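# Architecture at a glance
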Amino acid sequence: SQQGEEDPQALSIQEGENATMNCSYKTSINNLQWYRQNSGRGLVHLILIRSNEREKHSGRLRVTLDTSKKSSSLLITASRAADTASYFCATDVYSSYKLIFGSGTRLLVRP
Amino acid sequence: GAGVSQSPSNKVTEKGKDVELRCDPISGHTALYWYRQSLGQGLEFLIYFQGNSAPDKSGLPSDRFSAERTGGSVSTLTIQRTQQEDSAVYLCASSLGRQTYEQYFGPGTRLTVT
């Protein structure tokens, strides 16, 4: 079963707007990661946030983590058409090396 | 440096045939993972290799699936007697080690079973 579930499943915004995606998970984690996938091919790592962190920034990306609610959000500010992709959260089950991926959010940024 | 490479990029095979998919991880990465992604879905964990330890095969969907990793580097995923439901993109990833570092993904092999 899925450890991480993203919400919404699909998101369409205008270039320049902000995009927010949410991820919920079920079990205790060491860290949570966000990945981007273009055109159904290889995934690219975006950002990792550890379980003792609450917020992390990387360029136009802002990730928050609320371990009490078992949820995370990814905010992409000032979106660009090139941000069009699927975004996945991935969690490692505590004391395990495996990453469990959610089903993803498909983001479309309209020029 | 070179990233994770996979071959072939696309494979079309007839139902019942065997296929081999290859993954060449980043040099120095001791951990290697195989995933399967069906159309529009998330990633499904298949198998994990860490150094010389016994692999974690808990995600393999049936005994038709097997994988090996030679010399701690290149890995081959073999699917015997392919079925139409095996059609998917097979993704390989590698990471630095036993702890959950970020994973680096290859471009995937798109398998179509006709």
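One structure accompanies this document, and this report is about it. The numbering scheme is per chain: residues are counted from 1 as the chain's sequence reads. Written order determines the labels here, with chains lettered from A and ligands numbered from 1. Residues qualify for local features only when their pLDDT is at least 70, as the model is predicted, and side-chain atom pairs are given and counted only at 80 or more; totals for whole chains, interfaces and linings, by contrast, use all residues. Values shown for side chains rest on all heavy atoms present in the structure; no hydrogens or waters enter the calculation.

### Quick word on the overall build of chain A
Which entries qualify depends on this criterion: Numbering of helices and strands runs from the N terminus, with a helix taken as a DSSP run of H or I at least four residues long and a strand as a DSSP run of E at least two residues long. The quantity called the radius of gyration is restricted to C-alpha atoms. Its globule counterpart is 2.2 Å times the number of residues to the power 0.38. For the exposure calls, accessible area comes from a 1.4 Å probe over protein chains only, and a residue counts as buried if that area is under 20% of its type's maximum, exposed if over 50%, partly exposed in between.
Along its length, chain A carries zero helices and 11 strands. Written out in order from the N terminus, the α and β elements of chain A read β-β-β-β-β-β-β-β-β-β-β. Taking 2.2 N^0.38 as the reference for a compact globule, 111 residues should give roughly 13 Å; the C-alpha atoms of chain A span a radius of gyration of 13 Å, in line with that estimate. Structurally, chain A occupies a C-alpha span of about 45 × 25 × 20 Å along its principal axes. A total of 111 residues make up chain A; the buried ones form 46% of that total.

### A short note on the interface of chain B and chain A
For the record, the criterion: Note on definitions: a residue-residue contact is assigned when non-hydrogen atoms from the two residues lie within 4.5 Å. The buried area of a pairing is the accessible area, by a 1.4 Å probe, that goes missing from both parts when the two are put together, added over both. We define a salt bridge as a contact between a side-chain nitrogen of Lys or Arg and a carboxyl oxygen of Asp or Glu at a distance within 4 Å. Here a polar contact is recorded for every N or O atom pair within 3.5 Å, except that within protein the pair must consist of a potential hydrogen donor and a potential acceptor, and residues adjacent in sequence are included only if both atoms are side-chain atoms.
Listed as interface residues are 25 residues of chain B and, on the opposing side, 20 residues of chain A. Taken over both partners, the interface formed by chain B and chain A buries close to 1,700 Å², and the fraction arising from carbon and sulfur atoms is 50%. Applying the counting rule to chain B against chain A returns zero salt bridges. Taken together, chain B and chain A are joined by two residue pairs in polar contact (both at pLDDT 80 or more).

### Some details on the packing of aromatic side chains
We describe a pair of aromatic rings using the distance from one ring centre to the other and the angle between the two ring planes. Which entries qualify depends on this criterion: Any two of the Phe, Tyr and Trp rings considered here, Trp counted by its six-membered ring, make a pair once their centres fall within 6.5 Å; the pair's planes then place it as stacked at under 30 degrees, edge-to-face at over 60, or tilted in between.
In total, this model carries eight aromatic pairs over all chains according to the counting rule given. With 6.3 Å between their ring centres and 75° between their planes, Tyr35(B) and Phe45(B) make a pair best called edge-to-face. In this pair, Tyr35(B) sits in strand S4 (residues 31-37) while Phe45(B) sits in strand S5 (residues 43-50), placing the two residues 10 residues apart along the sequence. Taking the centre distance of 5.6 Å and the plane angle of 35° together, the rings of Tyr35(B) and Phe105(B) count as tilted. You can see Tyr35(B) sitting in strand S4 and its partner Phe105(B) sitting in strand S9 (residues 104-105), a full 70 residues away along the chain. Three or more aromatic residues link up through ring pairs in this structure, and these residues are Tyr35(A), Phe101(A), Tyr33(B), Tyr35(B), Phe45(B), Tyr48(B) and Phe105(B).

### Quick look at the pattern of salt bridges
Residues and elements named next belong to chain B. A complete count under the given rule lists six salt bridges over all chains for this structure. In this structure, Arg-64 engages Asp-86 in a salt bridge whose closest nitrogen and oxygen atoms are separated by 2.8 Å. Here Arg-64 is found in the loop between S5 and strand S6 (65-69), whereas its partner Asp-86 is found in the loop between strand S7 (75-79) and strand S8 (88-95), with 22 residues between them in sequence. Since its relative accessible area comes to 12%, Arg-64 is described here as buried.

### Remarks on the state of the cysteines
Residue and element names in this part refer to chain A. We apply this condition: Throughout, a disulfide means two cysteine sulfur atoms within 2.5 Å of one another.
This model, assessed by the stated rule, comprises two disulfides over all chains. At a sulfur-sulfur separation of 2.0 Å, the disulfide partner of Cys-23 is Cys-89. Negative torsions about the S-S bond denote left-handed disulfides, and the value of about 65° found for Cys-23 with Cys-89 makes this one right-handed. With Cys-23 in strand S3 (residues 19-24) and Cys-89 in strand S9 (residues 85-93), the pair connects residues that are 66 residues apart, well separated along the chain. In this structure Cys-23 comes out as buried when scored by relative accessible area, which is 2%.

### Overview of the sheet that holds strand S7 (residues 61-66) of chain A
Strand pairs in the sheet, formed through backbone hydrogen bonds, run parallel or antiparallel to each other. Residues and elements named next belong to chain A. Selection criterion: Following DSSP output, two strands are said to pair if at least two bridges run between them. Simply put, an axis is a line fit to the C-alpha atoms, just over the touching stretch for a helix, and the angle between two N-to-C directions goes from 0 to 180 degrees.
The strand order S1-S3-S8-S7-S6 describes an open sheet built from five strands, whose pairing is antiparallel. Each of the sheet's edge strands pairs with one partner strand only, and the pair in question is strand S1 (5-7) and strand S6 (55-58). Strand-to-strand twist of the sheet, defined as the mean angle between neighbouring strand axes without regard to direction, takes the value 20°. Alignment of S3 against strand S8 (residues 71-76), held across six bridges, turns out to be antiparallel. Bridging from a neighbouring strand, Cys-23 pairs with Ser-72 of S8.

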